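# Chains, contacts and geometry: an overview
The residues making up each chain are set out below.
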Amino acid sequence: MEIQAVHHIAMIVSDYEKSREFYVDKLGFEILRENYREDRKDYKLDLILNGVELEIFAPAQKDEEYALHPKRPSFPEAYGLRHLAFRVADAEKAARELNEKGIATEPVRVDEFSGGKFTFFQDPDGLPLELHE
């Protein structure tokens with residue numbers, strides 16, 4: 001077997017519209033496909049940005065009693081996906097652009113191993129996202 005690349009990253013979100021706005025309007029992902037899956041009573045949104053594909057799944061119902069998915073524990077961190085990192089040319093500039101869109105970021109730091117600058121921010125469900133030079 002020869003793995004060529006990561007094909008996509010799949011995420012479950014709690015609010016379809018908020019996540020769609022965040023990833024498309026604020027982060028700049030392009031919509032590949034947008035579908036409602038009747039058999040599962042959920043939405044599936046396929047996005048792409050510079051060859052990176054995200055699959056976003058969201059339950060149709062927002063009612064807390066209907067929620068099938070528990071919230072993601074971030075503090076303390078749980079086993080599994082720790083964060084999703086995006087490469088940028090200038091972490092400080094990208095952080096300013098996010099801040100101008102109302103997205104809070106942590107202070108920009110320097111990775112002690114790679115020497116690259118990076119910062120963290122969160123999606124609407126609190127998933128940690130990183131910008132890294």
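Only a predicted model underlies this, so the values are computations on that prediction, with no experimental measurement involved.

Scoring rules and cut-offs
Residues numbered from 1 in each chain as written. Predicted model: local features only at pLDDT ≥ 70, side-chain atom pairs only at ≥ 80, totals over all residues. Heavy atoms only, no water. Buried < 20%, exposed > 50% of the residue type's maximum accessible area, 1.4 Å probe, protein only. Helix = DSSP H or I, 4+ residues; strand = E, 2+ residues; numbered from the N terminus. Pairing = 2+ DSSP bridges. Arc of directions from axis to C-beta. Polar contact = N/O pair within 3.5 Å; in protein donor to acceptor, adjacent residues only side chain to side chain.

## A short note on the pairing of strand E4 (residues 52–59)
- The element E4 is extensively covered by neighbouring structure, given that seven of its eight residues are classed as buried.
- Looking at chain direction, strand E1 (residues 9–12) and E4 are connected through four bridges and run parallel. Its bridge partner lying in E4, isoleucine 9 is registered against leucine 54.
- Bridge analysis of strand E3 (residues 42–49) against E4 gives eight bridges, and the strand direction is antiparallel. Each residue of the ladder has a partner; that of leucine 47, found in E4, is leucine 54.
- Between the end of E3 and the start of E4, which pair antiparallel, lie two residues, with asparagine 50 showing a positive phi angle near 50°.

## Things to note about helix H2 (residues 91–100)
- Buried within H2 are the following residues: Ala91, Ala94, Ala95 and Leu98. Considered in projection along H2, the buried side chains sweep an arc of 100° and stay on one side of the axis.
- For H2, the capping residue at the N-terminal end is aspartate 90, with a side-chain oxygen 3.1 Å from the backbone nitrogen of glutamate 92.

Distances and angles like these do not, on their own, reveal function.
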